[in-house]
Amino acid sequence: MIFSTPIALEDFARRFRERVPAVDDWSLRIADVVSETLSVRRDVVEPVQLARDTGAMITVSEGGALGYAATSDLSRSGLAQATERAREWALRAAPLRLFPPPALGPSGIRDEWQAPVLQPWTEMDTPAKLRLLQELARRMKIHDDIVDWSASLGFQRRQTLLVNAQGAEIGQTQHVLVPMLRAVANRGGETQIRSFGADLGGQGGLERLDTLALAAQPERVAGDALALLDAAECPAGIMDLVLMPGQMTLQIHESIGHPLELDRILGDERNYAGTSFVTPAMFGTYRYGSELLNVTFDPGVAGELASFAYDDEGTRARRHWLIRDGLLLRGLGGATSQDRSGLPGVACARASSWNRPPIDRMANLNLEPGHSSLDELIRGVEHGVLMDTNRSWSIDDSRNKFQFGCELGWRIVEGEVRGLVRNPGYRGISSAFWRSLAAVGDRDSLGVMGVGTCGKGEPNQMIAVGHASPPCLFRDVAVFGGSGS
């Protein structure tokens, strides 16, 4: 279909080069993002959502400072006008600069990267996709107490091209698919929700539906929601806690990912997204967690939500240890933040759109597997709770004190699972919580997941972040039920 036909971004780059003015340095990043969302709710097909967003961000270094300008007018005149605006902003900023501008990207690199796709999104037409969703939704209505049910598919194809004055030309294409099932059960004054897929978005095509076994989920999701209506409240007290990958995703995101962002540590996010309990002096010496805690930045994991070959400043993406054997080694900061702080970072300067400059963002932030099976984790618990799938979160502005709630949990007594519990939650302090890590699941239990709506920056940038983790066991955690006691 015309809507989804790729655009030759190289043509716009050529137009820009033909009229680029004489400035100290420049870069051009063009993005073309196509998205489509299909959904069925209560057996009713909702309007199909289609969107296409195309434009360019021009960065100019002039007079010892940087200036930015974005435009959706990719004609020669539109690009020229945006370039002049960027130059004017650079000259205005020069007297106020706090640090010298970095080089705008690598020199001479010409490369292309694309996420592997086995079955393209366009291989199945829209009516067939809607029929699939109707069938999935229909299968969730297994009881009169299921009062709301829905199924959806979200797709995005993101193409970017980065060129600069040093002759670099880097093209990248990502295909992202996010399925979603949701069932709401109600009886009297009790309402419970179970979902599947919100944290399972990833790169690839329609083959991901089979990888995630989507067709096997509707009855399970609805059945869990019904079972939670009759489940006991989660017990409260200090006890052991097993977190499944679906909840580990948010735990890693909030209490490791955000605190390690170098721009946050430098104070850039203080007005909006907060600061960090991590300080520059901690790198290389601070014990972030127990010796079992090993966390990597790895944008090369096939299919993970934020995989890429280069960040949006053109830095080659490589795997790095952020935390090894519990010791904090490296922060989440791109080339600019590394220059400012003098600290080691990674290729994580990312922009949510063509009209935003790159800032420090998480990408694939993964907790490396250990050696315990899930059964072994459970057998190691005398008294505790296993929890899965986040439903609520709260964390302070330094990303230290937190409280999270999950969709469902199971009591563990003397090494055995003894029954479902509803409204489970737990709280802690990041700097102590990770030191209570007592066992880490093995590679067979690893879940490759992600967060699709991470917000940061002024103006706001909403971006997708990948996380992979096995289930983990934590000792002596404050656990509570629906009353919050």
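Since this is a predicted model, take the numbers as computed values, not measurements.

Asks: Help me understand the overall build of the chain, please; the structure alone is not making it clear to me.
Replies: Assigned secondary structure in the chain consists of 10 helices and 25 strands. The C-alpha atoms of the chain give 24 Å as radius of gyration, which agrees with the globular expectation for 485 residues (23 Å, within 12%). In terms of principal-axis extent, the alpha carbons of the chain reach across some 70 × 55 × 35 Å. Within the span of the chain, comprising 485 residues, buried residues form 56% of the whole. At a minimum sequence separation of 6, the contacts of the chain that also span at least 24 residues come to 74%. Carbon and sulfur atoms form 50% of the exposed surface of the chain, whose accessible area is close to 19900 Å². Taking the average place of the 50 positive charges on the side chains of the chain and the average place of its 60 negative ones, the gap between the two points comes to 3 Å.

Asks: Could you clarify how one ought to interpret the packing of helix H1 (residues 9–19) against helix H2 (residues 76–93) in this entry?
Replies: The description of two packed helices rests on the angle between their axes and on the distance between the axes. Relative to each other, H1 and H2 sit at 60°, their axes nearing to 9 Å. Taken together, the axis directions place H1 and H2 in an arrangement best described as oblique. As H1 runs across H2, the sense of the crossing is right-handed. Contacts from Phe12, Arg15, Phe16, Glu18 and Arg19 in H1 reach Arg76, Ser77, Leu79, Ala80 and Thr83 in H2. For the contact of H1 with H2, a count of residues per class yields four nonpolar, two polar and four charged.

Asks: Can you help me understand the side chain of serine 445 in this one?
Replies: In this structure, serine 445 sits in the loop between strand E22 (437–440) and strand E23 (447–456). A polar atom in the side chain of serine 445 sits 2.8 Å from the backbone oxygen of aspartate 442. Not counting chain neighbours up to four residues away, the residues in contact with serine 445 comprise Pro245, Ser372, Ser469, Pro470 and Pro471.

Asks: I would appreciate a short explanation of the environment of aspartate 25 in the present structure.
Replies: Position of aspartate 25 among the secondary structure elements: in strand E1 (residues 25–41). Among the residues examined, aspartate 25 registers a relative accessible area of 8% and is labelled buried. Placed 161 residues apart in sequence, aspartate 25 and asparagine 186 show a C-alpha to C-alpha distance of 61 Å. Once residues lying within four places of it in the same chain are set aside, the contact partners of aspartate 25 are Thr59, Val60, Ser61, Ala103, Leu104, Ala165 and Gln166. Among the polar contacts listed, one links the side chain of aspartate 25 to the side chain of glutamine 166, at a separation of 3.0 Å.

Rules and cut-offs
- Residues numbered from 1 in each chain as written.
- Predicted model: local features only at pLDDT ≥ 70, side-chain atom pairs only at ≥ 80, totals over all residues.
- Heavy atoms only, no water.
- Helix = DSSP H or I, 4+ residues; strand = E, 2+ residues; numbered from the N terminus.
- Rg over C-alpha atoms; globule rule 2.2 N^0.38 Å.
- Buried < 20%, exposed > 50% of the residue type's maximum accessible area, 1.4 Å probe, protein only.
- Contact = heavy atoms within 4.5 Å.
- Areas by Shrake-Rupley, 256 points an atom, 1.4 Å probe, with all protein chains shown as cover.
- Lys, Arg positive; Asp, Glu negative; His and termini not counted.
- Charge placed at Lys NZ, Arg CZ, Asp CG, Glu CD.
- Axes fitted to C-alpha atoms, helices over the stretch in contact; angles between N-to-C directions.
- Parallel < 35°, antiparallel > 145°, perpendicular 65-115°, else oblique.
- Left-handed = near helix turned anticlockwise from the far one by under 90°.
- Nonpolar A, V, L, I, M, F, W, Y, C, P; charged D, E, K, R; others polar.
- Polar contact = N/O pair within 3.5 Å; in protein donor to acceptor, adjacent residues only side chain to side chain.

Geometry only, nothing functional implied.
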